[in-house]
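# Working through the structure, step by step
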Amino acid sequence: QVQLVESGGGLVQAGGSLRLSCAASGRSLRMYAMGWFRQAPGNEREFVAALKWFGGGTNYADSVKGRFTISRGNVRNTVYLQMNGLKPEDTAVYYCAAQTTPRAGYTRTALYDYWGQGTQVTVSS
C-alpha cells in the first residue's frame, strides 16, 4: 500500500507564494515520477507539473511556467511545488500523484498510480 500525504496549502494574497510538500511511503516503493494536479470547483482535474525520478526532467502546464517549480526533496520519495506569483485563478485543491510503474507521459491523470488526499490553495485578489 502506498500513501501520499500533502501539506502546505492555505490562503494567500495575489502575488504571494506557497510551497506544497508531498511525502510518499510504502513497502518496496519504486518511484518513476511524481506530479501535481489541481481541481477547481466545477472543473476537471488538470495537470500542473511533473518530475521524472530518473534524470530529473520536469514538465509544466503553460499556465504555471515561470511561476511554479517542482523539485525533489532530500528525504526519500518527497516532492515540493514552489508556487510564486500566485493568481486568483490558481485557487484549487492541489493533488500529489505518483507513478510507480513506467508510463509514456506525465500530464494525464490516468498515468498515475497513487494520489494524495489534496490540499486547498486559495488566492485572494
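These numbers were taken from a predicted model, which means no experiment stands behind them. (Residues numbered from 1 in each chain as written. Predicted model: local features only at pLDDT ≥ 70, side-chain atom pairs only at ≥ 80, totals over all residues. Heavy atoms only, no water.)

### Brief notes about the sheet that holds strand β7 (residues 68-72)
As a reminder, the rule being used: When DSSP locates at least two bridges between a pair of strands, those strands are taken to pair. What counts as a helix is a DSSP run of H or I of at least four residues, what counts as a strand is a run of E of at least two, and both are numbered from the N terminus. Interaxial angles span 0 to 180 degrees and are taken between N-to-C directions of axes, which are lines fitted to C-alpha atoms, for helices over the stretch in contact.
Pairing is antiparallel across the open sheet formed by four strands, whose spatial order is β1-β3-β8-β7. Every other strand in the sheet has two partners, leaving β1 (3-7) and β7 as the edge strands with one partner each. The average undirected angle you get between the axes of adjacent strands in this sheet is 15°. Bridging between β1 and strand β3 (residues 18-25) involves five bridges; their strand directions are antiparallel.

### Thoughts on the side chain of Q99
Selection rule: Accessible area is worked out with a 1.4 Å probe on protein chains only. A residue is then buried under 20% of its type maximum, exposed over 50%, and partly exposed in between. A 3.5 Å cut-off defines polar contacts: any pair of N or O atoms within that distance qualifies, except that in protein one atom must be a possible hydrogen donor and the other a possible acceptor, and neighbouring residues in sequence count only when both atoms are side-chain atoms. Whether two residues are in contact is decided by their heavy atoms: any pair within 4.5 Å suffices.
Mapping Q99 onto the fold places it in strand β9 (residues 92-99). Its relative accessible area of 1% is what places Q99 among the buried residues. At 2.8 Å, the side chain of Q99 forms a polar contact with the backbone oxygen of G105. Those residues in contact with Q99 that sit more than four places away from it in its chain are R30, M31, Y32, A33, G105, Y106, L111, Y112 and D113.

### Section: the pairing of β7
Here β7 runs beside strand β8 (residues 78-83); their pairing, made up of five bridges, is antiparallel. Residue pairing for β8: S71 is matched across the bridge by Y80. Hairpin remark: β7 followed by β8, antiparallel, with five residues in the connecting loop; positive phi at N77, about 60°.

### Some thoughts on the environment of L4
Mapped onto the secondary structure, L4 falls in strand β1. On the basis of relative accessibility, which here comes to 5%, the residue L4 falls in the buried class. Residues in contact with L4, not counting those within four places in the same chain, are C22, A23, A24, M34, C96, A97, A98, Y114, W115, G116 and Q117.

### Quick word on the nonpolar core
Counted only if it meets this: What we call a nonpolar core is a set of buried Ala, Val, Leu, Ile, Met, Phe, Trp, Tyr and Cys residues that are connected through their side-chain atoms within 4.5 Å.
Core analysis: the biggest nonpolar cluster contains 37 residues, and M34, W36, L81, M83 and Y94 have the highest contact counts within it. Breaking this core down by element, the ones donating at least two residues are β3, β4 (33-39), β5 (46-52), β7, β8, β9 and β11 (119-124).

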